[in-house]
Amino acid sequence: MHRHTKTNETMILKSIVSTLLSLLLAFPLFAKSDIVFPLKMNQGHFYFEADVAKQKVEVMLESGIPALLIGQDFYQQHKSEINIPFQLSKSRIRLLNDLYDITLIGKGRIKIGEAIYEGQIFIVEDYEGIALPVQHLKHPDDHSQLISIDLPQKRLTVKAWSKEAMSDGTRYRMKQDKNLGFPLLESTLRLSTAKGEATLKGNLIVDFGNPMLLFLNGENSQLKKAVANGNIELKDARNKEGKVVAKGIYATKIQLVGDEFDDVMIGVNPNPNNLKHLGYLGIKFFDRPVVFDFARMQMIIK
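Keep in mind it's a predicted model, so treat the numbers as computed, not measured.

1. Describing the overall build of the chain
Item 1. A tally of helices and strands in the chain yields 3 helices and 23 strands.
Item 2. Residues counted as buried form 47% of the 302 residues belonging to the chain.
Item 3. Relative to all contacts within the chain whose residues are 6 or more apart in sequence, the contacts with residues 24 or more apart total 58%.
Item 4. Just so you have it, the chain exposes about 17200 Å², and 50% of that area is on carbon and sulfur atoms.

2. With respect to the packing of aromatic side chains
Item 1. Using the criterion set out here, one finds 9 aromatic pairs in the structure.
Item 2. Geometrically, the ring pair formed by Tyr-75 and Phe-86 is edge-to-face, given 5.2 Å between the ring centres and 75° between the ring planes. In this pair, Tyr-75 sits in helix α2 (residues 72-82) while Phe-86 sits in strand β5 (residues 86-88), placing the two residues 11 residues apart along the sequence.
Item 3. Three or more aromatic residues joined by ring pairs form one cluster here, namely Phe-208, Phe-261, Phe-285, Phe-286, Phe-292 and Phe-294.
Item 4. Directly above the aromatic system of Trp-161 lies the positively charged group of Arg-296, at a separation of 4.2 Å from the ring centroid.

3. Focus on the pairing of strand β23 (residues 298-301)
Item 1. Of the two faces of β23, both are covered, the one formed by Gln-298 and Ile-300 as well as the one formed by Met-299 and Ile-301.
Item 2. Across 4 bridges, strand β13 (residues 170-173) lies against β23 in antiparallel orientation. Residue pairing in the sheet places Arg-173 in a bridge with Gln-298 of β23.
Item 3. Here strand β22 (residues 290-293) pairs with β23 via 4 bridges, running antiparallel. Residue pairing for β23: Val-291 is matched across the bridge by Ile-300.
Item 4. In this antiparallel pair of consecutive strands, β22 and β23, the connection spans 4 residues, and Met-297 shows a positive phi of 55°.

4. So, α2
Item 1. If you check which residues of α2 are buried, you get Gln-72, Phe-74, Tyr-75, His-78 and Ile-82. Taken end-on, α2 shows its buried residues confined to a sector of 140°, consistent with a single buried face. Every exposed residue of α2 that faces more than 90 degrees away from the buried side is listed here: Asp-73, Gln-77 and Ser-80.
Item 2. Following α2 by one or two positions, Asn-83 adopts a phi angle in the positive range, close to 50°.

5. Describing the nonpolar core
Item 1. Counting 69 residues, the largest nonpolar core has Ile-70, Leu-214, Ile-254, Phe-286 and Phe-292 as its most contacted members.
Item 2. Once residues lying within four places of it in the same chain are set aside, the contact partners of Ile-70 are Tyr-75, Ile-82, Ile-110, Ile-121, Phe-122, Ile-123, Val-124, Tyr-127, Gly-129 and Ile-130.
Item 3. Met-60, Ile-65, Phe-122 and Ala-131 belong to the second-largest nonpolar core, a separate cluster that totals 12 residues.

6. Let's talk about the side chain of His-139
Item 1. With respect to the helices, strands and loops of the structure, His-139 is situated in the loop between β10 (137-138) and β11 (146-150).
Item 2. Owing to a relative accessible area of 1%, His-139 belongs among the buried residues under this scheme.
Item 3. Apart from the residues lying within four places of it in its own chain, the contact partners of His-139 are Lys-32, Ser-33, Ile-35, Ser-144, Val-158, Lys-159 and Ala-160.

7. What about the pattern of salt bridges?
Item 1. As enumerated under the stated definition, the model contains 16 salt bridges in all.
Item 2. A salt bridge links Asp-34 to Lys-159; the shortest N-O distance between them is 2.9 Å. Remark: Lys-159 occurs in strand β12 (residues 155-159) and Asp-34 occurs in the loop between α1 (2-26) and β1 (35-42); sequence separation between them is 125 residues.
Item 3. Assessed through its relative accessible area of 18%, Lys-159 is described here as buried.
Item 4. Put simply, Lys-40 and Glu-58 hold a salt bridge, and the shortest N to O gap is 3.3 Å. On the criterion of sequence distance, the pair formed by Lys-40 in strand β1 and Glu-58 in strand β3 (residues 55-62) is long-range, its members being 18 residues apart.
Item 5. Look at Glu-58 and you get partly exposed, because its relative accessible area is 31%.
Item 6. One network of salt bridges, with partners in common, ties together Arg-109, Glu-118 and Lys-138.

How each quantity is defined
- Residues numbered from 1 in each chain as written.
- Predicted model: local features only at pLDDT ≥ 70, side-chain atom pairs only at ≥ 80, totals over all residues.
- Heavy atoms only, no water.
- Helix = DSSP H or I, 4+ residues; strand = E, 2+ residues; numbered from the N terminus.
- Buried < 20%, exposed > 50% of the residue type's maximum accessible area, 1.4 Å probe, protein only.
- Contact = heavy atoms within 4.5 Å.
- Areas by Shrake-Rupley, 256 points an atom, 1.4 Å probe, with all protein chains shown as cover.
- Phe/Tyr/Trp six-rings, centres within 6.5 Å; stacked < 30°, edge-to-face > 60°.
- Lys NZ or Arg CZ within 6 Å of the ring centre and 35° of its normal.
- Pairing = 2+ DSSP bridges.
- Arc of directions from axis to C-beta.
- Core = buried A, V, L, I, M, F, W, Y, C linked by side-chain atoms within 4.5 Å.
- Salt bridge = Lys/Arg side-chain N within 4 Å of Asp/Glu carboxyl O.

Given below as structure tokens:
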């Protein structure tokens, strides 16, 4: 009788230990915490504050640039903290309508607040500030590239990997531009205009540095054909002085990535830097929270 009681006690103890282990696995004692950057808008672009090279700076949120851009003056003042080998460069980069000289090109890791940027770095002459391609941002604990961007709530979050973060919402597969590293979303764009209708297919660059909803490549063959057929009319876009600075399309309705938009002005880029893609998907598309897994090239719209 005594041996039977001892056996029961042993079984109960094993059950308790098993339950505790299960709980520990489900809820780790040292959970990897999210890194949250509050966003603020300035002149159509989103910025966040972070420590870079031991200095608190404003960082521009981007994804349509091939590298972390650092102004020449900032680099000269803090190059000992940046501590990355660079090579001289004679390249140039177009940002909006302006061309900038890239004086140095390097590759490495830089802390952006508590997160880590890993990728190419351009030192840019006559450029003020820092611009970050968010697709190369990583969590320091597991180096995951799980990025939550909630523009309505003005919040950028770098997350450690979890299935829960990618569980709810509509999932889309992405690609990566092989040369410049841009995130690409394969899309079918349906346009309704006063002239007629057109359907354009191709890859859109997910561009958090683009303040519009959509910007199309003016050299795209499908777009040129729709214009030649009279289904789309290109209109002049003028600045305050009345100078023509770009072309545009007014669409009464567009269907794009499972959503519809009414009364849309679409920019048309006449200088696409030899890009073969259909165009750029800008920040006005992201009026809902979205989570990117840039390591697996997936996007979930919540």
